[in-house]
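In case you want the letters, here they are:
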There are 2 protein chains.
Amino acid sequence: MSRARAETPFAAPADPRGAPGALRTPVPLRAATLTGGPLARVRERNREVTLEIIHQRCEECGAVDNLRRAGGLLDGDPVADFQGQYYADSDVFKWLEAACWQLAESPEDEKLRARIDSMVSILEAAQQDDGYLNSYFMNERAARRWTNIRDEHEMYCGGHLVQAAVAHLRATGERRLVEVAIRFVDHVWTVFGPGRRPGADGHPEYETALVELWRATGEERFLVQARWFIDQHGASPAAIGGREYHLDHAPLHKQREVTGHAVRALYLYTGATDVVTETSGTTEATGTTGTTGIAPLAEAVDALWRDFADRKRYVTGGAGSRHDGEAFGERWELGDERAYAESCASVAHFQWAWRMFLRTGAGEYRDAMDEVLHNGLLSGLGQDGEEFFYVNPLADNGRHRRSPWFGTACCPPNLARLVASLPAYAHAVGDDTLWTLLLAEGTVTAEVAGGTLELRIATAYPLDGAVAVEVVRAPEEACGIALPAPAWAGPVAWSVNGVEAAVEAADGFTVLRRRWRAGERLTGAYAMPVRPLAAHPRVRATHGRIALTRGPLVFCLEQMDHPEVDIRDVSVDVDAEWTVRQRPELWDGTVTLHGPGWARPAPAPDAPLYRQARAETTAPRRVELTALPYHLWANRTPGPMQVWIPLAG
Amino acid sequence: MSRARAETPFAAPADPRGAPGALRTPVPLRAATLTGGPLARVRERNREVTLEIIHQRCEECGAVDNLRRAGGLLDGDPVADFQGQYYADSDVFKWLEAACWQLAESPEDEKLRARIDSMVSILEAAQQDDGYLNSYFMNERAARRWTNIRDEHEMYCGGHLVQAAVAHLRATGERRLVEVAIRFVDHVWTVFGPGRRPGADGHPEYETALVELWRATGEERFLVQARWFIDQHGASPAAIGGREYHLDHAPLHKQREVTGHAVRALYLYTGATDVVTETSGTTEATGTTGTTGIAPLAEAVDALWRDFADRKRYVTGGAGSRHDGEAFGERWELGDERAYAESCASVAHFQWAWRMFLRTGAGEYRDAMDEVLHNGLLSGLGQDGEEFFYVNPLADNGRHRRSPWFGTACCPPNLARLVASLPAYAHAVGDDTLWTLLLAEGTVTAEVAGGTLELRIATAYPLDGAVAVEVVRAPEEACGIALPAPAWAGPVAWSVNGVEAAVEAADGFTVLRRRWRAGERLTGAYAMPVRPLAAHPRVRATHGRIALTRGPLVFCLEQMDHPEVDIRDVSVDVDAEWTVRQRPELWDGTVTLHGPGWARPAPAPDAPLYRQARAETTAPRRVELTALPYHLWANRTPGPMQVWIPLAG
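Turning to the pairing of strand E9 (residues 479–484) of chain B, a few remarks are in order. All names here are of chain B. Across the six residues that make up E9, a large majority, six, are buried. Burial of E9 is two-sided: the residues Cys479, Ile481 and Leu483 facing one way and the residues Gly480, Ala482 and Pro484 facing the other way are all buried. In this sheet, E9 lies alongside strand E5 (residues 433–436) in parallel orientation, the contact comprising three bridges. Looking across to E9, one finds that Thr433 is bridged to Gly480. In terms of strand pairing, E9 meets strand E13 (residues 509–514) through six bridges, oriented antiparallel. By the bridge assignment, Pro484 is partnered in E13 with Phe509.

This is the structure in structure tokens:
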């Protein structure tokens with residue numbers, strides 16, 4: 001393995017070009033645009049409001065000053081004057097990553113560039129002579145460096161530093177920050193490694209960052225380190241205590257059950273997937289666990305995905321059922337009112353699914369990206385761009401609202417970096433085909449079949465299923481245009497220039513392969529009936545309930561749309577007819593569902609907590625229900641919300 | 001206030017005799033026996049197995065050695081060699097309290113007496129010259145004493161020391177340990193108090209203990225201190241941070257919502273109820289909050305009880321819905337599979353309900369005692385007497401089992417002290433009537449109407465509703481025998497010597513008042529039909545489900561009684577006929593319910609997590625269901641369990 005890639009900055013969060021295990025590679029950020037629809041709107045808000053707000057809050061909460069003091073750029077004592085959590089640096093790093101992706105899209109934004117330059121200078125100053133960089137472990141706390149990587153998030157912070165550096169390199173072509181990252185990583189490897197200290201990262205993140213650093217620099221040692229750190233999980237004797245919480249209860253290649261802290265788990269699986277993608281087909285023994293080759297780790301990530309998708313994922317794509325330990329719970333433990341479903345877990349779910357797609361090309365992973373993005377991920381962002389959810393429950397009594405910031409502020413900048421880099425997730429290439437992953441109005445330009453394919457896409461997806469793709473440029477040779485064939489969708493009659501076209505089915509996609517010519521128009525429409533979903537019978541919390549979906553969107557009932565009934569008193573028939581209304585007046589456009597339900601009388605104010613059960617004698621009354629896309633809830637008058645609606649008995 | 005009571009050791013956990021706010025007073029431990037039925041069995045197991053096991057585990061885990069080292073009775077360094085949690089002392093104190101109550105019942109048990117004497121000597125040695133006693137905060141940690149009473153449980157441990165001392169005095173008449181407790185409490189009052197340091201107890205327990213020390217010693221300063229510490233909650237400025245978790249978000253007399261850490265909350269309400277009972281009718285201003293008289297605190301405990309009973313209590317009597325923060329959740333947030341319902345919270349619920357009963361005489365509190373005892377409290381104790389639940393969920397997949405011990409081992413000795421003192425909770429006197437609170441085979445002797453009333457009770461309650469009370473001795477004057485009239489029970493035709501008797505209804509009791517004569521027999525029988533209960537419609541987790549109850553017992557389905565169906569696939573009709581079987585072969589006797597249910601087909605192994613909901617087309621099949629008293633679950637082959645059973649649609 002010795003692919004040198006540093007010469008071609010490629011603005012995408014992951015660049016598996018040339019990896020032996022990558023069936024698909026992304027189309028980078030600058031080669032795709034998202035110009036209309038909900039994704040364009042959220043990106044515009046991210047650029048104009050959220051990135052600014054997060055920068056401001058990183059300044060206000062002292063996180064940037066911590067780094068300034070560490071670098072001697074601000075008077076004060078790095079320890080005595082440190083503000084925030086010991087992992088406050090990571091919020092700054094994630095903001096910086098987000099800003100770099102934004103700059104990749106808007107290279108003309110000199111104010112943003114100057115702000116990034118200034119932040120890079122702060123990090124250069126904050127880096128110690130030996131390469132160490134963490135503003136918390138300074139002065140008298142320096143003795144604690146690397147003494148507790150299980151709990152103290154040094155590698156987690158370092159991982160975000162590396163990802164910011166990779167984004168900076170890929171956005172600007174400049175190596176200033178990546179040199180900082182390399183010095184940091186090389187320093188870590190003087191402490192840990194074969195023959196040095198053992199130790200797995202208690203909050204994974206560093207592993208996927210290391211793989212990207214290898215991809216960005218072509219320096220193979222970073223890939224070796226990524227694999228070593230992954231193999232440290234579950235090492236015997238345990239380096240970090242052997243707890244499930246830290247995914248340290250068994251070697252990762254032997255793990256088959258999605259468990260532990262949800263974000264940590266999903267980040268670790270993401271890094272492991274990267275390592276599998278980069279080393280697929282290789283057979284060399286690993287240093288620490290004695291497994292031969294990468295196959296066991298590949299089997300593990302496949303099995304973990306199955307367990308996650310089949311047993312431990314909310315219908316919104318949210319992940320993590322428990323507030324305590326921010327953990328996945330038991331199989332099918334998917335309580336709705338106390339769902340944790342941290343916004344960071346949705347980001348991690350999206351990133352893992354993307355890497356699984358790039359590795360395998362399978363549509364299941366694309367569907368997962370689509371579903372978590374449009375539901376449990378975008379729900380983290382308020383429509384004002386200034387407030388955020390940390391926790392994304394699926395039912396609430398009206399007290400859960402978005403906040404401007406958090407004591408642990410991981411989610412806001414995590415959402416921001418994902419949104420800023422979104423165009424890079426929208427398309428991929430492979431097999432002389434352009435694979436569209438995220439349908440939205442926009443353009444894409446990619447190299448396929450030895451030439452350039454440029455498309456202009458028009459669609460109001462996910463609000464409407466009609467899609468028109470105009471070929472702007474095409475290579476001489478035949479190539480494929482692959483559009484999603486989501487599991488929820490029936491067959492789509494695709495036409496080229498108005499004539500029904502021959503298509504190939506390809507695991508979750510429909511491929512139209514031909515010699516495309518500029519000006520040709522590919523059109524079709526996903527039927528988007530309202531689909532009530534039932535959960536697996538073992539999911540106790542949703543027994544006897546349905547969730548309304550349409551296309552990739554999951555809907556909820558919100559109290560403010562129901563002035564005449566408490567939504568906690570309603571039920572629906574499984575075969576009710578739902579009407580779809582386009583709602584251009586709501587947040588620049590969304591869609592709502594309208595249909596009949598039943599309301600039982602509201603409980604009396606003095607209704608006892610437990611009473612003798614009797615057959616229902618009062619007939620429920622008919623009510624009209626309105627369902628809103630889940631990701632838009634809690635943007636209006638506070639009140640109860642529920643995704644899972646009881647079926648009428 | 002200057003009632004001197006020290007001269008008459010009175011073996012009960014609370015002694016409100018003579019308190020201005022006590023309508024009822026307990027019949028002490030030695031004056032009542034529980035000789036048959038489930039309560040006798042659990043007490044026998046407690047005496048023969050559990051007390052021994054807990055003593056042994058307190059030795060094995062080092063908790064007793066911590067105290068020995070603090071007293072110089074064992075070589076080693078109290079700090080370096082300290083074992084366990086910083087509140088490990090409290091487990092020893094609770095064992096000691098339990099042992100003392102046991103000794104009150106079995107004064108002839110010389111081995112137990114010697115073990116108690118030995119433990120008292122250890123505590124005498126461990127006490128510092130200034131009265132301080134806590135084996136954790138020794139030597140270099142001594143500087144931390146009383147610096148963080150919010151988190152470091154010094155007062156919680158002290159409260160259990162005081163309760164052990166009161167139990168020791170009341171069981172033995174000896175003052176050795178109570179002198180230790182007084183020195184400790186007086187030391188605390190040199191640190192905290194008006195004009196000294198402010199500070200509320202972060203883990204309440206000390207308050208109720210102080211009231212009992214006042215009652216045991218007649219030293220009024222302890223009652224003043226109890227009230228002062230209660231009033232410190234929610235003081236402004238906040239002495240311990242103002243968090244809801246510590247019940248410090250508002251002055252307790254202004255609190256109306258049951259909230260925060262469930263055990264801390266219930267202990268605080270218990271102490272507040274004691275203070276109300278002791279100072280009811282008084283009007284003097286309190287020192288710290290400026291409230292006038294005790295009325296506001298009395299209103300608060302009444303309102304808090306209403307909130308607890310009407311919105312935040314599991315059908316099993318369990319309390320605390322959340323694992324995170326071991327907290328009460330929102331109103332009606334009573335999820336079953338992740339119910340926390342800590343065994344200590346059940347003990348606290350029982351103790352608070354008892355004090356509310358003693359204060360008011362109202363049957364609601366007696367019903368609560370009966371229900372939590374027979375369900376969510378006894379569930380904490382395994383049938384072997386050697387294993388314990390910390391957490392008592394109402395549904396489980398088979399992984400939750402009792403443990404021999406815990407890193408935080410509060411529950412086992414807490415259950416043990418409750419069980420050891422149970423006869424003292426069984427009866428009360430007031431208004432020339434003997435009020436029976438806990439029905440069980442046994443005897444009771446009490447002073448009423450200027451003479452002695454002695455009864456022999458025969459019943460298999462709660463397994464059967466028949467009750468026979470034989471008058472062994474009676475005073476000359478007319479007096480009342482009051483038997484429970486639980487909310488679940490219909491009218492009972494009580495007879496005296498076979499002739500239906502005139503009765504008076506008294507708030508949750510039936511009183512038979514007459515000139516009783518030795519040899520008279522009072523008989524009657526509670527009808528105990530199977531009563532399916534439904535929860536309040538706002539309880540999301542139990543929507544469309546019922547819980548089977550009979551008398552005070554809540555039942556559950558356990559997998560091992562259903563070899564032909566997975567109990568998670570069954571449903572029941574609300575009006576199904578249930579048959580009751582007495583089961584003498586199960587744990588020396590219990591009762592099971594048998595009735596028809598419906599089973600839907602088990603999900604296919606590859607059933608997806610979410611699928612399109614459709615009207616059910618396959619008819620469910622009939623199955624026979626067996627329901628077991630909830631408190632007995634998890635004593636046989638592990639497997640799924642559920643209290644709340646879905647209603648057939």
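The subject of this paragraph is the packing of aromatic side chains. Residue and element names in this part refer to chain B. Considering all chains together, one arrives at 62 aromatic pairs over all chains under this definition. Between Tyr132 and Trp146 the ring centres are 5.5 Å apart and the planes differ by 80 degrees, which places this aromatic pair in the edge-to-face class. Residue Tyr132 is found in the loop between helix H4 (110–126) and helix H5 (154–172), and its partner Trp146 is found in the loop between H4 and H5; the two are separated by 14 residues along the sequence. Considered together, Tyr132 and Trp146 belong to a single accessibility category, that of buried residues. Measuring from centroid to centroid gives 4.2 Å for Trp354 and Tyr425, while their planes differ by 55 degrees, and the two rings are tilted. With Trp354 in helix H11 (residues 343–360) and Tyr425 in the loop between helix H13 (411–420) and strand E4 (427–430), the pair connects residues that are 71 residues apart, well separated along the chain. Take Trp354 and Tyr425: they sit in the same class, and that class is buried.

It is worth spelling out helix H1 (residues 37–60) of chain A at this point. Residues and elements named next belong to chain A. Under the 1.5 Å per step criterion, the end-to-end length of H1 is 33 Å for 24 residues, consistent within 8% with the ideal 34 Å. When the local axis directions of H1 are compared, the greatest deviation, roughly 50 degrees, occurs at Asn46. One or two positions beyond H1, positive phi appears at Gly62, with a value near 90 degrees.

Attention shifts here to empty space enclosed by the protein. If you walk through the whole model with that rule in mind, you get 13 cavities of 30 Å³ or more. For the largest cavity, the calculated volume is near 370 Å³. Around the largest cavity sit 23 residues that line it, and Gly335, Glu337 and Arg338 of chain A together with Gly335 and Arg338 of chain B are the ones nearest its centre. Looking at the lining of the largest cavity, its residues break down into three nonpolar, six polar and 14 charged.

Moving on to the sheet that holds E13 of chain B. Residue and element names in this part refer to chain B. The strand order E1-E4-E5-E9-E13-E12 describes an open sheet built from six strands, whose pairing is mixed. Of all the strands in the sheet, just strand E1 (25–26) and strand E12 (504–506) have a single pairing partner and so form its edges. Examined bridge by bridge, E1 and E4 share two bridges and lie antiparallel to one another. In the strand pairing of E4, Thr25 is matched with Val429.

Moving on to the interface of chain B and chain A. Each side of the interface is counted separately: chain B has 55 residues, and chain A has 55 residues. Both sides together, the interface formed by chain B and chain A hides about 4,800 Å², and carbon and sulfur atoms give 49% of it. Its largest share of buried area at the contact with chain A, chain B owes to Arg540, Leu609 and Tyr610 of chain B, together 19% of the area lost on that side. For the pair chain B and chain A, the interface holds 14 salt bridges. Of the charged contacts, one joins Arg540 of chain A and Asp336 of chain B as a salt bridge, the two residues approaching to 2.8 Å between their closest N and O atoms. For the interface between chain B and chain A, the tally reads 26 residue pairs in polar contact (both at pLDDT 80 or more). Elements that contribute at least two residues to the side of chain B that touches chain A include exactly helix H10 (295–311), strand E15 (530–535), strand E16 (545–550), strand E21 (610–612) and strand E24 (644–646) of chain B. Here the side of chain B that touches chain A gets five residues from one element, more than from any other, and that element is E15 of chain B.

Covalently bonding the sulfur atom of one cysteine to the sulfur atom of another cysteine gives a disulfide. Residue and element names in this part refer to chain A. Following the criterion strictly, the structure yields zero disulfides over all chains and no others. Distance from the sulfur of Cys61, which forms no disulfide, to the nearest cysteine sulfur (Cys58) is 5.5 Å. Taking the relative accessible area as the measure of exposure, Cys61 reaches 28% and is therefore partly exposed. Note on Cys157: no disulfide assigned, nearest cysteine sulfur contributed by Cys410 at a separation of 11 Å.

Let us now look at the relation of the copies chain B and chain A. Mapping chain B onto chain A calls for a rotation angle of 180 degrees and an axial translation of 0.0 Å; the resulting RMSD is 0.0 Å. What the rotation and shift describe, once combined, is the action of a two-fold rotation axis. Looking at the interface residues of chain B, 100% of them are also at the interface in chain A, so both copies use one shared face.

All names here are of chain B. Read across the sheet, seven strands follow the order E2-E6-E7-E8-E14-E10-E11 without closing on themselves; strand pairing throughout is antiparallel. Looking along the sheet, the strands with just one partner apiece sit at the ends: strand E2 (32–36) and strand E11 (499–500). Of the pairings in the sheet, the one linking E2 to strand E6 (residues 441–448) comprises four bridges and is antiparallel in character. Across the sheet, the residue bridging to Thr33 is Thr443, located in E6.

Quick look at helix H3 (residues 88–105) of chain B now. Between its first and last C-alpha, H3 of chain B extends 27 Å over 18 residues, near the 26 Å set by a 1.5 Å rise per residue. Across the 18 residues that make up H3 of chain B, a large majority, 17, are buried.

Residues and elements named next belong to chain A. Looking at the element boundaries, Val166 is found in helix H5 (residues 154–172). Classification of Val166 as buried rests on a relative accessible area of 2%. In contact with Val166, not counting residues within four places along its chain, are Glu212, Leu213 and Ala216.

With that settled, the discussion passes to the pattern of salt bridges. Within the structure shown, the criterion is met by 100 salt bridges over all chains. The shortest N-O distance in the salt bridge between Glu48 of chain B and Arg47 of chain B comes to 3.8 Å. Ionic pairing is found between Glu212 of chain B and Arg215 of chain B, a salt bridge with its closest N-O pair at 2.9 Å. With a gap of three residues between them, Glu212 of chain B and Arg215 of chain B both fall in helix H7 (residues 206–217), about one helical turn apart. What makes Glu212 of chain B buried here is its relative accessible area of 3%. One network of salt bridges, with partners in common, ties together Arg170, Glu212, Arg215, Asp274, Glu278 and Arg355 of chain A.

Right, let's get into the pairing of strand E8 (residues 466–473) of chain B. The two faces of the sheet receive side chains in turn, since in a regular strand these alternate between them. All names here are of chain B. For strand E7 (residues 451–459) and E8, the ladder comprises six bridges, and the chain directions are antiparallel. From the neighbouring strand, Arg456 faces E8, where its bridge partner is Glu470. Pairing of E8 with strand E14 (residues 521–525) involves five bridges; the strand directions are antiparallel. What sits directly across from Glu470, in E14, is Arg521.

Here is what the cut-offs are and how they apply
- Residues numbered from 1 in each chain as written.
- Chains lettered and ligands numbered in written order.
- Predicted model: local features only at pLDDT ≥ 70, side-chain atom pairs only at ≥ 80, totals over all residues.
- Heavy atoms only, no water.
- Buried < 20%, exposed > 50% of the residue type's maximum accessible area, 1.4 Å probe, protein only.
- Helix = DSSP H or I, 4+ residues; strand = E, 2+ residues; numbered from the N terminus.
- Pairing = 2+ DSSP bridges.
- Phe/Tyr/Trp six-rings, centres within 6.5 Å; stacked < 30°, edge-to-face > 60°.
- Expected span 1.5 Å × (residues − 1).
- Bend = angle between axes of the 7 residues up to and from the residue.
- 1 Å grid on protein atoms, 1.4 Å probe; cavity = no way out; pocket = protein on both sides within 12 Å on 5 of 7 lines; lining within 4 Å.
- Points joined across faces, edges and corners; volume = space filled by probe spheres on them.
- Nonpolar A, V, L, I, M, F, W, Y, C, P; charged D, E, K, R; others polar.
- Contact = heavy atoms within 4.5 Å.
- Buried area = accessible area lost by both parts, 1.4 Å probe.
- Salt bridge = Lys/Arg side-chain N within 4 Å of Asp/Glu carboxyl O.
- Polar contact = N/O pair within 3.5 Å; in protein donor to acceptor, adjacent residues only side chain to side chain.
- Disulfide = S-S within 2.5 Å.
- Least-squares fit on C-alpha atoms with pLDDT ≥ 70 in both.

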